[in-house]
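Structural characterization, general
Below are the chains, spelled out letter by letter.
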Amino acid sequence: MKIRQIAPATALITSISMICTGCGSSNKTADGGEKPVLKILSKYEPFDPNTDPSVQRISEMTGYEIEYTLLPKENANEKLMLELASGNDYDLVRVDSNQFSQLLGQNALMPLDDLLEQYGDNIVKSGSERAWESARLDGKTYGMPHEEGRDLENPYGINMKGIAIRTDILDELGLDVPNDVDSLYETLKAIKEAKNIAPLTGLGGFEDIIGSGFDIPGAQWSIVDGKVVPRIKLPQTKEYVSFMSKLYKEGLIDPDWSFNTDENAKQKLVSGNAAMLSQLWFWDVPTMLESLKQNNPSADMKYITPLNGSDGLPNIAVSLGAGTYDVIPKTSKHAEDAIKFTNLRSDPDTFVKTYIGEEGKHYEIKDGRYYPILPAFDELIERLKSMGKSPGHVIDSTGHTATVTPFDAEAMKYVMEQMVLESGAKIMYHASLLNTYVEDGILKSVELYTKNGIISVSGKIFVDATGDGDLAKMSGVPFRLGDAEDDFCQPMTMNMKMGNVNIDKIRSYMKENTAEFPGIEDKLHIVDDAQRLSVDGFVTIRNNATASGELDFGRENKQGIHYIYYRGI
């Protein structure tokens with residue numbers, strides 16, 4: 001694998017999530033004035049930062065109340081420019097490197113040098129000179145960069161995007177997964193001739209995975225002979241453009257390539273109207289495969305990483321600079337407080353207190369590493385271990401996580417009941433929720449049906465342990481049922497017990513047929529190390545049985561069988 005270092009047009013520091021120790025929760029400034037409410041515009045997140053506990057903790061420790069606004073998932077750039085052009089007085093804005101350059105070009109950002117010198121000592125110490133250099137223009141600093149350097153010696157995980165490809169179609173046509181430009185072209189042609197679908201769909205723009213086959217790393221700028229050169233001026237870019245034009249003219253890529261959104265491009269693949277999808281994050285593949293199998297149970301999918309270039313190796317760009325910046329627009333009304341707030345959360349000790357907790361209470365340090373303190377959970381497991389009902393934390397032989405904690409379900413119920421009684425709480429058995437009484441948005445009491453009839457229970461705090469969120473729903477809490485795309489709910493996990501399993505033979509089979517167990521293919525030692533053998537695999541057997549109809553799970557195949565567990569001897 002070739003890894004190309006791009007120009008230091010990006011760099012980053014850790015200032016976004018740190019605070020100062022001992023700063024307390026005062027909302028007073030140093031001169032005794034009231035601290036203003038700061039308005040922050042940030043990138044899309046799948047949660048509301050205004051209600052996030054860690055964000056609330058930052059406000060408590062800095063004394064600054066924060067009002068967050070998020071950009072949308074789609075068309076974020078357009079929304080960002082519209083928000084700032086309309087005069088909205090945001091005090092801090094989180095932008096990526098491209099947005100940073102665009103705002104600089106529009107003269108929309110405030111220079112920060114004087115403010116950083118006066119109030120930003122923690123911020124300045126948080127980043128490298130490379131990071132700060134990327135945030136400057138004509139000697140002035142316009143952003144607080146967030147450094148995200150990669151380890152060139154250990155590049156695992158650098159590549160996260162690729163092309164999803166229907167391998168069941170490849171198998172049907174006797175094709176291999178393409179790994180260079182020529183094999184990609186031949187594969188697209190064969191699919192077009194045999195299938196009445198788009199061979200390749202995507203989201204438009206430069207396609208990094210294909211560009212790699214022309215020796216173009218996935219970066220907008222490269223260092224060539226000591227000079228910073230934009231991608232458009234690389235000599236091989238002309239070859240790439242000609243190739244993509246050829247694919248379009250021959251009908252080998254989706255005619256809507258330049259107009260697709262993320263969602264409709266995915267829909268074309270899962271509905272069977274395309275054989276490949278570009279610009280896909282690797283973590284999207286399992287979910288899309290599940291949706292694809294709803295329409296075609298025998299379908300399968302793999303992930304094409306960057307194509308091999310002229311020397312037989314892929315070309316991958318690695319950012320050693322900043323990917324995001326905190327900037328202050330010229331329209332901000334509280335620039336000084338924005339820097340003071342950022343400086344408060346930039347103290348490393350405050351980061352620990354905000355996101356990890358207090359030493360000795362929430363975590364302990366051993367050999368320079370942080371370990372959580374979980375007294376209640378550990379007490380539960382220790383009790384089960386003493387009863388012989390749990391081995392404790394043991395190696396996870398599926399490869400999905402470091403350890404798992406098996407337990408006897410009935411013993412767990414017994415121990416948890418004992419711990420509740422020991423705490424002084426009372427348990428009311430055979431009680432069902434009937435109704436709730438809410439006043440001014442606050443749950444005041446609940447009605448329960450018991451063996452003794454209907455009773456009312458009031459309280460200040462209610463914990464919904466119904467399993468289905470009944471208490472929350474009946475109290476008027478907004479909710480969504482199932483997936484956002486189709487309201488589909490995850491099916492119940494089905495379990496069975498099987499006796500007389502030869503665990504030693506299973507271990508031997510796993511080591512001799514590594515491809516059948518992709519989660520541990522590169523770490524087979526855990527097969528022998530695991531005290532309790534858990535298996536996620538038998539891929540070929542499982543897929544063949546599903547395709548032939550021998551196995552039918554009867555649950556729309558949205559989530560097929562995934563784990564096969566062996567509890568051991």
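Residues numbered from 1 in each chain as written. Predicted model: local features only at pLDDT ≥ 70, side-chain atom pairs only at ≥ 80, totals over all residues. Heavy atoms only, no water.

1. Concerning the overall build of the chain
Tallying secondary structure elements over the chain gives 20 helices and 23 strands in all. Looking at the chain as a whole, 40% of its 569 residues qualify as buried. Within the chain, residue pairs in contact and separated by at least 24 positions form 68% of the contacts whose partners lie at least 6 positions apart. For the chain, the computed accessible surface area is about 32600 Å², with 51% contributed by carbon and sulfur atoms. (Helix = DSSP H or I, 4+ residues; strand = E, 2+ residues; numbered from the N terminus. Buried < 20%, exposed > 50% of the residue type's maximum accessible area, 1.4 Å probe, protein only. Contact = heavy atoms within 4.5 Å. Areas by Shrake-Rupley, 256 points an atom, 1.4 Å probe, with all protein chains shown as cover.)

2. Observations concerning the packing of helix α8 (residues 181-194) against helix α10 (residues 235-249)
With their axes 11 Å apart at the nearest point, α8 and α10 run at an angle of 10° to one another. The angle between α8 and α10 falls in the class roughly parallel. Contact with α8, carried on its side by Val181, Leu184, Tyr185 and Leu188, involves Phe243, Lys246 and Leu247 of α10 and no other residues of that element. Split by residue class, the contact of α8 with α10 holds six nonpolar, no polar and one charged. (Axes fitted to C-alpha atoms, helices over the stretch in contact; angles between N-to-C directions. Parallel < 35°, antiparallel > 145°, perpendicular 65-115°, else oblique. Nonpolar A, V, L, I, M, F, W, Y, C, P; charged D, E, K, R; others polar.)

3. A word on the nonpolar core
Leu200, Ile210, Phe243, Leu247 and Met276 are the most contacted members of the largest nonpolar core, which has 29 residues in total. Those elements that place two or more of their residues in this core are β8 (161-166), α7 (167-173), α8, α9 (208-211) and α10. Here the element with the most residues in this core is α8; it accounts for five residues. When near neighbours in sequence (up to four residues on either side) are disregarded, Phe243 contacts Val181, Leu184, Tyr185, Ile210 and Phe214. Among the nonpolar cores identified, the runner-up in size contains 21 residues, and Leu38, Ile40, Leu112 and Leu116 belong to it. (Core = buried A, V, L, I, M, F, W, Y, C linked by side-chain atoms within 4.5 Å.)

4. Re the sheet that holds strand β20 (residues 442-450)
Taken together, the three strands give an open sheet; going across it, the order is β19-β20-β21, and neighbouring strands pair in antiparallel fashion. Looking along the sheet, the strands with just one partner apiece sit at the ends: β19 (432-439) and β21 (453-458). Averaged over all neighbouring strand pairs, the angle between strand axes comes to 25°, with direction disregarded. Here six bridges tie β20 to β21, and the two strands are oriented antiparallel to one another. The partner of Glu447 across the bridge, within β21, is Ser456. (Pairing = 2+ DSSP bridges.)

5. Side note on the packing of aromatic side chains
Going through the model one piece at a time under the given rule, you end up with six aromatic pairs. Considering the side-chain rings of Phe206 and Tyr240, the 4.6 Å spacing of their centres and the 50° angle between planes classify their relative orientation as tilted. In this pair, Phe206 sits in the loop between α8 and α9 while Tyr240 sits in helix α10, placing the two residues 34 residues apart along the sequence. Residue class for Phe206 comes out buried when judged on its relative accessible area of 18%. On the basis of an interplanar angle of 25° and a centroid distance of 5.7 Å, the ring pair of Tyr509 and Phe538 is categorised as stacked. Of the two residues, Tyr509 sits in helix α18 (residues 503-512) while Phe538 sits in the loop between β22 (534-535) and α20 (539-548), which places them 29 residues apart along the sequence. Take Tyr509: its relative accessible area is 29%, and that puts it in the partly exposed class. On the basis of relative accessible area, Phe538 is assigned to the buried category, the value being 12%. Clustering of aromatic rings is evident, with ring pairs tying together Phe206, Phe214, Tyr240 and Phe243. (Phe/Tyr/Trp six-rings, centres within 6.5 Å; stacked < 30°, edge-to-face > 60°.)

6. Focus on α8
Three- or four-residue spacings in an α-helix give side chains the same orientation, since the helix completes a turn every 3.6 residues. With 14 residues, α8 extends 20 Å from end C-alpha to end C-alpha; this agrees with the ideal 20 Å at 1.5 Å per step. Here α8 has its buried residues at Val181, Leu184, Tyr185, Thr187, Leu188 and Ile191. Buried residues of α8, viewed axially, fall in a sector of 165°; they line one side. The exposed residues of α8 that point more than 90 degrees off its buried face are Asp182 and Glu193. (Expected span 1.5 Å × (residues − 1). Arc of directions from axis to C-beta.)

7. Observations regarding the pattern of salt bridges
Enumeration according to the criterion identifies 19 salt bridges in this entry. For Asp254, the salt bridge goes to Lys268, with nearest N and O atoms at 2.6 Å. With a gap of 14 residues between them, Asp254 in the loop between α10 and α11 (262-270) and Lys268 in helix α11 connect regions that are remote in the sequence. On the basis of relative accessible area, Asp254 is assigned to the buried category, the value being 4%. The partner of Glu382 in a salt bridge is Lys385, with the nearest N and O atoms 3.6 Å apart. Taken together, the residues Glu382 and Lys385, both in helix α15 (residues 375-386) and three residues apart, mark about one turn of the helix. A relative accessible area of 38% places Lys385 in the partly exposed class. (Salt bridge = Lys/Arg side-chain N within 4 Å of Asp/Glu carboxyl O.)

8. A word on the sheet that holds strand β4 (residues 92-96)
Strand order in the open sheet formed by five strands is β3-β2-β4-β14-β7, with mixed pairing between adjacent strands. For this open sheet the edge positions go to β3 (66-70) and β7 (144-147), each flanked by a neighbour on one side alone. In this sheet, adjacent strand axes meet at a mean angle of 20° when their direction is disregarded. Alignment of β4 against strand β14 (residues 322-327), held across four bridges, turns out to be antiparallel. Within β14, the residue paired with Val93 across the bridge is Val327. Running over the sheet, helix α13 (residues 335-344) touches β2 (38-42), β3, β4 and β7 and is turned about 70° from β2.

9. Here's the deal with the confidence of the model for the chain
As a note on interpretation, predicted positions should not be read in detail where pLDDT is low. Averaged over every residue, the pLDDT of the chain is 81; residues scoring 70 or more account for 84%. Confidence over residues 1-26 falls short of pLDDT 50; this stretch has 125 contacts with residues more than four positions distant or in other chains. Scored below 50 in pLDDT, residues 556-569 shows 47 contacts in the model against residues more than four places distant or in partner chains. (pLDDT = per-residue confidence, 0-100.)

10. Regarding the side chain of Thr450
Topologically, Thr450 is positioned in strand β20. Assessed through its relative accessible area of 8%, Thr450 is described here as buried. At a separation of 3.1 Å, a polar atom in the side chain of Thr450 contacts the main-chain amide nitrogen of Asn452. Looking at Thr450, its side chain comes within polar contact range of the main-chain oxygen of Gly453, at 2.9 Å. If we skip the residues at most four places from it in the chain, Thr450 touches Met428, His430, Ala431 and Ile455. (Polar contact = N/O pair within 3.5 Å; in protein donor to acceptor, adjacent residues only side chain to side chain.)

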